[in-house]
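Structural overview for review
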Amino acid sequence: MKKQAIIIILSLILIVNLKAQNEIRNDNSSGFNIQMQLISKNNTTFIGAFPGYTLNGQWDFGLGVGFQNHEDYNVEGISIYPWVEYMFLKQDDGNLPLSVELGYQFSFTNFDKIQLNQSTHSLYLAAYHSVALNDDFQIIPGASFALHNTTIDLDSFRDVDTGFAYTIEVALVMQKFWIRPYLRFFDRTNNIGFWVGYIF
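What you see as residue numbers is a count from 1 along each chain, following the sequence as written. With the structure being a predicted model, the display of local features is reserved for residues of pLDDT at least 70 and the display and counting of side-chain atom pairs for 80 or more, all residues being used for whole-chain, interface and lining totals. With hydrogens and water set aside, each side-chain value is computed from the structure's full complement of heavy atoms.

1. A few points about the overall build of the protein
Secondary structure is summarised from DSSP: a helix means a run of H or I of at least four residues, a strand means a run of E of at least two, and numbering begins at the N terminus for each. Assigned secondary structure in the protein consists of one helix and 11 strands. Moving toward the C terminus, one meets the helices and strands of the protein in the order α-β-β-β-β-β-β-β-β-β-β-β. For every residue, the accessible area obtained with a 1.4 Å probe (protein chains only) is divided by the maximum for its type, and the residue is called buried under 20%, exposed over 50%, and partly exposed between those limits. Expressed as a percentage of its 200 residues, the buried residues of the protein come to 45%. Here, residues are in contact when the closest pair of their heavy atoms is within 4.5 Å. In the protein, the share of contacts with a sequence separation of at least 24, taken over all contacts with a separation of at least 6, comes to 51%. For the protein, the computed accessible surface area is about 9900 Å², with 62% contributed by carbon and sulfur atoms. Residue-level accessible areas treat just the shown protein chains as cover; the underlying method is Shrake-Rupley with a 1.4 Å probe.

Dropping the structure here:
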């Protein structure tokens, strides 16, 4: 049981990823957004919905809900993901070539079938550069570095682990719709996923 739990948690750690929307808005506007994430690796599938709000083009707040299925062990989990981000440097075509932000995310996952809980605190720093090809289409490459602290609780067993992650991504923005594939490196492994979203 403990081996099964640890394998599940390792896959969970792989899917935690930042969800910034303030870099999509290239002005100082405010508004709601909705985005979805899909990851599939090693017979583990994750899908999540993440509504959020951007304030003045710099602050991001949100609360996500995710569902994951681990086919090899016939185990399912439900997760929640509150997060907050602040873009303290905003790209300015005349002066500043990059947008840089600091974010914090908490995730909590419950696997009711095996009575396992997992929680992760994540602190990350990310940088982006927006390239407008025309009035309706822009490309936003980005990179981030994250520090994660994860706690696993299973009956009387508890494990706490700290790790680092690096992510590279490219957002393709078509007016208010966007898609963002990414590659993420965590310790000695990696995963590929993508986000799709819409800003209101």
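2. Structural notes on the pairing of strand S9 (residues 157-174)
One requirement defines pairing of two strands: DSSP has to find at least two bridges between them. When strand S8 (residues 137-154) meets S9, the two strands line up antiparallel, connected through 18 bridges. In the strand pairing of S9, His 148 is matched with Gly 163. Following S8, the chain reverses through two residues before pairing antiparallel with S9; Asp 155 in that reversal takes a positive phi of roughly 55°. Direction of pairing for S9 relative to strand S10 (residues 177-186): antiparallel, over a ladder of eight bridges. Bridge pairing in S10 links Met 174 to Phe 177. Once S9 ends, the chain turns through two residues before running back antiparallel as S10, passing Gln 175 with a positive phi of about 55°.

3. A look at the environment of Ser 79
Here Ser 79 shows up in strand S4 (residues 75-89). Owing to a relative accessible area of 0%, Ser 79 belongs among the buried residues under this scheme. C-alpha of Ser 79 to C-alpha of Phe 67: the two residues are 12 residues apart in sequence and 6.4 Å apart in space. Here Ser 79 is in contact with Gly 64, Val 65, Gly 66, Gln 68, Phe 108 and Thr 109, once residues within four sequence places are set aside. Polar side-chain contacts of Ser 79 include one of 2.8 Å to the side chain of Gln 68. Two N or O atoms form a polar contact when they lie within 3.5 Å of each other; inside protein one atom must be a possible hydrogen donor and the other a possible acceptor, and for residues adjacent in sequence the pair counts only when both atoms belong to side chains.

4. Here's the deal with unusual backbone geometry
Despite not being glycine, Asn 56 shows a phi value in the positive range, around 55°. Within the secondary structure layout, Asn 56 lies in the loop between strand S2 (44-55) and strand S3 (59-70). By relative accessible area, which is 43% here, Asn 56 ends up partly exposed. Its identity as a non-glycine residue notwithstanding, Gln 175 has a phi of 55°, on the positive side.

5. Thoughts on the pattern of salt bridges
A pairing counts as a salt bridge when a side-chain nitrogen of Lys or Arg comes within 4 Å of a carboxyl oxygen of Asp or Glu. With the rule as written, the count across this model stands at two salt bridges. Notably, a salt bridge pairs Arg 158 with Asp 153, separated by 2.6 Å at the nearest N-O pair. Arg 180 serves as the salt-bridge partner of Glu 169, at 3.0 Å between the closest nitrogen and oxygen. Of the two residues, Glu 169 is situated in strand S9 and Arg 180 in strand S10; the sequence distance between them amounts to 11 residues. The two residues Glu 169 and Arg 180 agree in class, both being buried.

6. Some details on the packing of aromatic side chains
Stacked, tilted and edge-to-face are the three classes applied to pairs of Phe, Tyr and Trp rings, where Trp contributes its six-membered ring and a pair requires centres within 6.5 Å; stacked means planes under 30 degrees apart, edge-to-face means over 60, and tilted covers the rest. Counted under the stated rule, the structure contains 10 aromatic pairs. A ring pair is formed by Phe 145 and Phe 164, whose centres lie 5.6 Å apart and whose planes are at 20°; its orientation type is stacked. Residue Phe 145 is located in strand S8, and its partner Phe 164 is located in strand S9; the two are separated by 19 residues in the primary sequence. Residue Phe 164 is classed as partly exposed on the basis of its relative accessible area of 40%. Among the aromatic side chains, those forming a connected cluster through ring pairs are Phe 46, Phe 50, Tyr 81, Trp 83 and Trp 195.

7. Regarding the nonpolar core
Ranked by internal contacts, the top residues of the largest apolar core, which has 20 residues, are Ile 24, Phe 50, Ile 140, Val 173 and Trp 178. Only S2, S4, strand S6 (116-128), S8, S9, S10 and strand S11 (189-199) provide two or more residues apiece to this core. Beyond its immediate stretch of four places on either side in the chain, Ile 140 contacts Glu 23, Ile 24, Tyr 128, His 129, Ser 130, Glu 169, Val 170, Ala 171 and Val 173. For the purposes of this section, nonpolar cores are sets of buried Ala, Val, Leu, Ile, Met, Phe, Trp, Tyr and Cys residues that join through side-chain atoms within 4.5 Å.

8. Quick word on the side chain of Ser 122
For Ser 122, the location among the structural elements is in strand S6. Judged by its relative accessible area of 1%, Ser 122 is buried. Engagement of the side chain of Ser 122 in a polar contact is seen with the side chain of His 148, the distance being 2.5 Å.

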